[in-house]
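Notes for the structure review
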Amino acid sequence: EIVQGAVLSARKTGSPPLDPSAAFDGDPKDWNLSRGQRGLAQLIKLDPDRFPGPVLTTNFDPMIGLALGECGIRYHPLTFPLEGSLNAPISVARDEVNIFHLHGYWRDSPTLHTPQQLEAKRNQLQKSLEQHLNQSNLVVMAYSGWDDIFTSALADCLGSDTFRGTVTWCFYGSSPAEIRDQNAALFEKFKGGIQQERITFFHSVNCHTFFGELIADLGFDPATRSA
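An account of the accompanying structure is given in this report. (Residues numbered from 1 in each chain as written. Predicted model: local features only at pLDDT ≥ 70, side-chain atom pairs only at ≥ 80, totals over all residues. Heavy atoms only, no water.)

Turning our eyes to something else, we now look at the sheet that holds strand β3 (residues 96-101). The parallel open sheet is built from three strands, whose spatial order is β1-β3-β2. Each edge of the sheet is formed by a strand with only one pairing partner; in this case those strands are β1 (55-57) and β2 (74-78). Going across the sheet, the axis of each strand differs from the next one's by a mean of 20°, ignoring polarity. As paired elements, β1 and β3 share three bridges and run parallel to each other. Along β3, the bridge assignment pairs leucine 56 with phenylalanine 100. (Pairing = 2+ DSSP bridges. Helix = DSSP H or I, 4+ residues; strand = E, 2+ residues; numbered from the N terminus. Axes fitted to C-alpha atoms, helices over the stretch in contact; angles between N-to-C directions.)

Below is the structure:
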């Protein structure tokens, strides 16, 4: 109830009541979507061959999916039991994107939010996550890299001799030295990947402005972007 109440607080004032038990996220226009969420959805819509998804998130809320829906893209939220596998096929349809909610979803799903839950070993899920990350170009944005299932799986991937994916990690901070100092444990965890040049770090990435700038750099004109 606490999680659902927190999520529902993101709805606009005056929007109609939404019952979480109805298995429905509501109309995107009734939610306060951020520029970053809308920008990500626009990028996926405008260039689906280069940015097909899936989207992996540790958030409980439906905001990324709602932003996709606002762009006319069907989204499929996927959640997992505490010990389970990421065994759903990755959608390759141009009008549908899978969203993997690694810590649960705001409705019809348990949510992982205590340290005991987040730090618990989930071996089956971790192995399947590693398989999905292999051969992929993963971009990490707006994520702190805490000690959870995703960071552990990614570190294992980067340290594996058989891993053939690449990782681009984006930080909001503007000072490389400060970023390294504040994230020393994270850099240590990824040491193997850094040495093998499998992971690249960037600073000064503001998700609320980045996607719009990237879309412009890719050559999409304003009329196309708003279509």
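A separate point is the pattern of salt bridges. According to the stated counting rule, one finds eight salt bridges in the structure shown. Its salt-bridge partner being arginine 11, residue aspartate 30 comes within 3.9 Å of it at the nearest N-O pair. Here arginine 11 lies in the loop between α1 (2-8) and α2 (35-46) and aspartate 30 lies in the loop between α1 and α2, a separation of 19 residues in the sequence. Residue glutamate 96 pairs with arginine 74 through a salt bridge whose shortest N-O separation is 4.0 Å. With glutamate 96 in strand β3 and arginine 74 in strand β2, this residue pair connects regions lying 22 residues apart in the sequence. Overall, the relative accessible area of 21% leaves glutamate 96 in the partly exposed class. (Salt bridge = Lys/Arg side-chain N within 4 Å of Asp/Glu carboxyl O. Buried < 20%, exposed > 50% of the residue type's maximum accessible area, 1.4 Å probe, protein only.)

Below, the discussion takes up the sheet that holds strand β4 (residues 137-140). Taken together, the three strands give an open sheet; going across it, the order is β4-β5-β6, and neighbouring strands pair in parallel fashion. For this open sheet the edge positions go to β4 and β6 (199-202), each flanked by a neighbour on one side alone. Each strand axis lies, on average, 15° off the axis of its neighbour in the sheet, ignoring direction. With four bridges joining them, strand β5 (residues 166-170) and β6 adopt parallel strand pairing. The residue bridging threonine 168 from the neighbouring strand is threonine 200, located in β6.

What follows concerns helix α10 (residues 207-217). Here α10 has its buried residues at Cys207, Phe211 and Ile215. Down the axis of α10, the buried set is contained in an arc of 75°. They therefore lie on one face. Among the residues of α10, the N-terminal cap falls to asparagine 206, whose side-chain oxygen and the backbone nitrogen of histidine 208 are separated by 2.9 Å. Note on α10: the residue one or two positions beyond its end, glycine 219, has a positive phi of about 95°. (Arc of directions from axis to C-beta. Polar contact = N/O pair within 3.5 Å; in protein donor to acceptor, adjacent residues only side chain to side chain.)

Positionally, histidine 101 belongs in strand β3. With 40 residues separating them along the chain, histidine 101 and aspartate 61 place their C-alpha atoms 8.9 Å apart.

With that out of the way, let us pick up the packing of α2 against α10. Here α2 crosses α10 at 25°, and the two axes come no closer than 7 Å. With respect to α10, the element α2 is oriented roughly parallel. For the pair α2 and α10, the sense of crossing is left-handed. For the pair α2 and α10, contact is made by Arg35, Gly36, Gly39, Leu40, Gln42, Leu43 and Leu46 and by Cys207, His208, Thr209, Phe211, Leu214 and Ile215, respectively. Grouping the amino acids of the contact of α2 with α10 by side-chain chemistry returns seven nonpolar, five polar and one charged. (Parallel < 35°, antiparallel > 145°, perpendicular 65-115°, else oblique. Left-handed = near helix turned anticlockwise from the far one by under 90°. Contact = heavy atoms within 4.5 Å. Nonpolar A, V, L, I, M, F, W, Y, C, P; charged D, E, K, R; others polar.)

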